Amino acid sequence: MGEDAGRGLECQKTMDGKVSNGNSSEKAIPSCCLKAIASDPEAEAICHSTVVSGWFSESQSRTDKASKKAYFNNPMWPGEAHSLKVESILYKGKSEFQEILVFESSTYGKVLVLDGIIQLSEKDECAYQEMITHLPLCSIPSPKNVLVVGGGDGGVLREVSRHSSVEHIDICEIDKMVIDVSKKFFPELAVGFEDPRVHLHVGDATEFLRHAPEGKYDAVIVDSSDPVGPAQELVEKPFFETIAKALRPGGVLCNMAESMWLHTHLIEDMISVCSQTFKGSVNYAWASVPTYPSGVIGFLLCSTEGPPVDFKNPVNSIEKLEGAVKHKRELRFYNSEMHSAAFALPAFLRREVSALRDPSTPARRNGLS
Ligand code: SPD
């Protein structure tokens, strides 16, 4: 797998799309990088198009050689960039679907980046994986069949495995290279694949769900990357319809639902589509994840028609679930109080997302339930 990290000035070929001939074309190197290289020989070990002067910043989703706006111009968060100081690049590669980068950061441990966007850091991954998993699984009695869409790093599987009622876990991840990279660099997450209840399907989740038996799953967890590139389809109506069909009556979906600071339109669209598709409850929850844009991430929780699901008052408290807390790895973020707190929504979000506006309006199942 591993292409070596340290490539010295050769990294400028990637950065500018220009091949250095050792003299005049070096003018093409951005001055910030030249300064960094001159002042810090270790900088040679941290060369990648997203790493400038030793800092990784989330950039445009794919390297855009023609555009000078590659930094600070991700279409998902225009006008801002989030930076982490890089100690060393551990891996960079390109799969059939995306660019994969792993680096050691100064303060957040190892970081996994797909197409220039941070997917997880060792320090704060617990918040995302624990919340996206236990918010749905603690909300229904004795989940048995669970489907994870995406989640190739294995972190969500690690969390699902805390639930002893679960008998069968399918995971459908499109990019095998993400799984391989995670097994090599993130064993604390990839340990999730070692659970004998896990059945791995490498492929397109929309296709997988089209063939899934109706009513098979108690819970579906969509741990996708942002809806640009391979994950685009995962926020569209046909995808949610196939999930609703694959869920049993009263089954639950938990879908990554971006940032309330940045994506109120997307959240509004997702809630609107899901309210049409899922006839039970629809709720928005969120958690703090410092390395994600704006430092928060949202989750959309939906249930199908059937036994009612009260996401805000879960039936399974994790503290009482046998083996869930005394697992080989301690829970670092999730507990029953964090569960309930996750559904408290700020005033601006209630104002900006019409479906969340007035929780007492019976006409819509706002904020929803
Ligand atoms: N903006 C980044 C959202 C990333 C969501 N997926 C993370 C995968 C971690 N298992």
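As the structure is a computational prediction, the values presented were derived from the model and not from experiment.

### A short note on the sheet that holds strand S5 (residues 110-114)
Strands sit in the order S1-S2-S3-S4-S5-S6 across an open sheet of 6 strands; the sheet is antiparallel. Of all the strands in the sheet, just strand S1 (51-52) and strand S6 (117-121) have a single pairing partner and so form its edges. Sheet topology places strand S4 (residues 99-105) next to S5; 5 bridges connect them, and they run antiparallel. Along S5, the bridge assignment pairs Val102 with Leu112.

### A closer look at the side chain of Ser182
Looking at where Ser182 falls in the secondary structure, it is placed in helix H5 (residues 176-185). Assessed through its relative accessible area of 1%, Ser182 is described here as buried. Dropping the residues within four chain positions of it, Ser182 is found in contact with Gly152, Asp153, Pro187 and Ala190.

### Re unusual backbone geometry
Located in the positive-phi region is Glu258, a residue other than glycine, with phi close to 55°. By secondary structure assignment, the location of Glu258 is in the loop between strand S11 (247-256) and helix H9 (264-277).

### Things to note about the sheet that holds strand S10 (residues 217-223)
Here 7 strands make up an open sheet; going across it, the order is S9-S8-S7-S10-S11-S13-S12 and the pairing mixed. Every interior strand has two partners, whereas the edge strands, strand S9 (198-202) and strand S12 (282-288), have only one. Here the strands of the sheet are splayed against their neighbours by 15° on average, with no regard to which way each runs. On top of the sheet, helix H3 (residues 125-137) reaches strand S7 (145-150), S10, S11, S12 and strand S13 (296-303); it is set at about 155° to S10, its chief contact.

### With respect to the UniProt feature "active site" (unreviewed entry) in the protein
Here the UniProt feature "active site" (unreviewed entry) sits at Asp223. Secondary-structure assignment places Asp223 in strand S10. Those residues in contact with Asp223 that sit more than four places away from it in its chain are Tyr128, Gln129, Ile132, Val149, Gly150, Gly151, Asp153 and Val156.

### Observations regarding the pattern of salt bridges
For the structure shown, the criterion picks out 14 salt bridges. Glu125 is paired through a salt bridge with Arg158; the nearest N and O atoms lie 2.9 Å apart. You can see Glu125 sitting in helix H3 and its partner Arg158 sitting in helix H4 (residues 155-160), a full 33 residues away along the chain. Each member of the pair, Glu125 as well as Arg158, is classed as buried. One salt bridge connects Arg332 with Glu188, and the closest N-O pair in it is separated by 3.8 Å. Within this pair, whereas Arg332 is found in the loop between S13 and helix H10 (336-341), its partner Glu188 is found in helix H6 (residues 187-190), the two being separated by 144 residues in sequence. Arg332 gets classed as partly exposed once you look at its relative accessible area, which sits at 41%. Overall, the relative accessible area of 48% leaves Glu188 in the partly exposed class. What you see here is one network of salt bridges that share partners, running through Glu125, Arg158, Glu159, Arg162, Glu188, Arg329, Glu330 and Arg332.

### Here we look at the site of the ligand
Residues in close proximity to the ligand include Ile118, Gln119, Tyr128, Gln129, Asp153, Asp223, Ser224, Asp226, Tyr292 and Pro293, which together make up its full environment. Between the ligand and Ser224 there is a distance of 2.9 Å, counted from a nitrogen atom to a backbone nitrogen or oxygen. Interatomic distance of 2.9 Å between a side-chain N/O atom of Asp226 and a nitrogen atom of the ligand. Protein chains shield 98% of the accessible area of the ligand, which is 340 Å² for the free molecule. Every element with two or more residues in the shell around the ligand is listed here: S6 and H3. Grouping the constituent residues of the shell around the ligand by class yields 4 nonpolar, 3 polar and 3 charged.

### Re the side chain of Thr133
Summarising the element assignment, Thr133 is placed in helix H3. Among the polar contacts listed, one links the side chain of Thr133 to the backbone oxygen of Gln129, at a separation of 2.7 Å. Sequence-distant contacts of Thr133, that is, excluding residues within four places in its chain, are made with Val156, Glu159, Val160 and Ile221.

### Quick notes on the confidence of the model for the protein
Parts of the model with low pLDDT should not have their predicted coordinates read in detail. Predicted confidence across the protein gives a mean pLDDT of 84, with 80% of residues reaching 70 or more. Confidence drops under pLDDT 50 across residues 361-367; counting only partners more than four residues distant or on other chains, this segment forms 21 contacts.

What counts, and at which threshold
- Residues numbered from 1 in each chain as written.
- Predicted model: local features only at pLDDT ≥ 70, side-chain atom pairs only at ≥ 80, totals over all residues.
- Heavy atoms only, no water.
- Pairing = 2+ DSSP bridges.
- Helix = DSSP H or I, 4+ residues; strand = E, 2+ residues; numbered from the N terminus.
- Buried < 20%, exposed > 50% of the residue type's maximum accessible area, 1.4 Å probe, protein only.
- Contact = heavy atoms within 4.5 Å.
- Axes fitted to C-alpha atoms, helices over the stretch in contact; angles between N-to-C directions.
- UniProt positions renumbered as here; feature names shortened; annotations may be inferred.
- Salt bridge = Lys/Arg side-chain N within 4 Å of Asp/Glu carboxyl O.
- Near = heavy atom within 4 Å.
- Polar contact = N/O pair within 3.5 Å; in protein donor to acceptor, adjacent residues only side chain to side chain.
- Areas by Shrake-Rupley, 256 points an atom, 1.4 Å probe, with all protein chains shown as cover.
- Nonpolar A, V, L, I, M, F, W, Y, C, P; charged D, E, K, R; others polar.
- pLDDT = per-residue confidence, 0-100.

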